[in-house]
Amino acid sequence: MSEFNRPNAAYAYESGMTLNEYIRKVFLLMTGGLAVTTAVAAFGFISFVNQGIVYQLLAGIPFLSIVLLVAQLGIAIALGAGISRFSTGTCTGLFFGYSALTGLTFSILPMAYGISNVFVAFLFAAVLFACCAVIGYTTHVDLTKFTGLLFGALLALVIMSVLSLFIPVLRNSLFIGYAGLLLFLVLTAFDMQKIRSFYYGTADGDSIRSNLAVYSAFQLYLDFINIFLYVLRILGNSRRD
């Protein structure tokens, strides 16, 4: 029987961590990552306003923002590649390191979009993310059947986003914003469902299960961040219009 149709799935084991406890662990890690990002972004924004250390670093070191983006990409690749080899502490450290770097890059968002828009976008993102996470947890439809379709849509979105850097019509269009938002809402449900697969595919107490909990938190963190960014993009375009 598929794990998506098991009765009382949250209490499938008489001992050890239940599915609900495992999911709570994932969400605690994800929330911790978001807290780190928020704290670092707030510090960076205040530093920009007061021309403090973050402002001096970004203004004084050419291409530092690009270096930060490359570092984020490197951490994401390392976390995915080392999930079966790294210790849980290393995986957790990489995740929170990524969260901190994201906070640095996000420190300019209030200046670009306004504090009120950032706050509203965060609230919208939280509600949308929560709804899709619940759908992913409760649905009995196996979303892994759509892995190829979702990967193709994500690749198309990346290509369109790159093209928008050179084509003003795409850059100012809301289509990419709504398409990206829809895609990451679906990916949230998809990644939420994968947590159940990770849980049933590993034994309680194995380090790989703990590592997969960190990786699941990272995936959900990325889903939330992208939902937030696309909502912010939509709000920003609406304000300019």
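Residues numbered from 1 in each chain as written. Predicted model: local features only at pLDDT ≥ 70, side-chain atom pairs only at ≥ 80, totals over all residues. Heavy atoms only, no water.

Student: Any chance you could break down the side chain of Ser107 for me, citing the residues and the numbers?
Tutor: Assignment of secondary structure puts Ser107 in the loop between helix 4 (88-106) and helix 5 (109-113). Owing to a relative accessible area of 0%, Ser107 belongs among the buried residues under this scheme. Engagement of the side chain of Ser107 in a polar contact is seen with the backbone oxygen of Leu104, the distance being 2.6 Å. When residues no more than four places from it in sequence are discounted, the contact partners of Ser107 are Ala41, Gly44, Phe45, Phe48 and Val54. (Helix = DSSP H or I, 4+ residues; strand = E, 2+ residues; numbered from the N terminus. Buried < 20%, exposed > 50% of the residue type's maximum accessible area, 1.4 Å probe, protein only. Polar contact = N/O pair within 3.5 Å; in protein donor to acceptor, adjacent residues only side chain to side chain. Contact = heavy atoms within 4.5 Å.)

Student: With reference to specific residues and values, describe the nonpolar core.
Tutor: Of all hydrophobic cores here, the largest spans 55 residues; its most connected members are Tyr22, Met30, Ile227 and Phe228. When residues of this core are assigned to their parent elements, the largest contribution, 15 residues, is made by helix 10 (residues 207-240). Setting aside residues no more than four positions away along its own chain, Phe228 makes contact with Phe106, Leu109, Val118, Ala121, Phe122 and Ala125. (Core = buried A, V, L, I, M, F, W, Y, C linked by side-chain atoms within 4.5 Å.)

Student: A description of helix 7 (residues 147-164) should follow, citing residues and the corresponding values.
Tutor: Relative to the 26 Å expected for 18 residues at 1.5 Å per residue, helix 7 spans 26 Å between its end C-alpha atoms, a close match to the ideal helical length. Here helix 7 has its buried residues at Leu150, Leu157 and Ser164. The arc that holds every buried residue of helix 7, seen down its axis, measures 45°, which confines them to one face. Turned more than 90 degrees away from the buried face of helix 7 sit Gly148 and Phe151, all of them exposed. (Expected span 1.5 Å × (residues − 1). Arc of directions from axis to C-beta.)

Student: Can you lay out the environment of Phe129 for me, pointing to particular residues and giving the numbers?
Tutor: With respect to the secondary-structure elements, Phe129 resides in helix 6 (residues 115-138). A relative accessible area of 5% means that Phe129 is categorised as buried. As for Phe129 and Ile227, which are separated by 98 residues in sequence, their C-alpha atoms are 7.5 Å apart. Excluding residues that lie within four positions of it along the chain, Phe129 makes contacts with Phe27, Met30, Thr188, Leu220, Asp223, Phe224 and Ile227.

Student: Summarise the side chain of Ser99; cite the residues concerned and give the values.
Tutor: Tracing the backbone shows Ser99 in helix 4. Residue Ser99 is classed as buried on the basis of its relative accessible area of 0%. Residues contacting Ser99, with those up to four places away along its chain left out, are Gly33, Val36, Thr37 and Tyr221.

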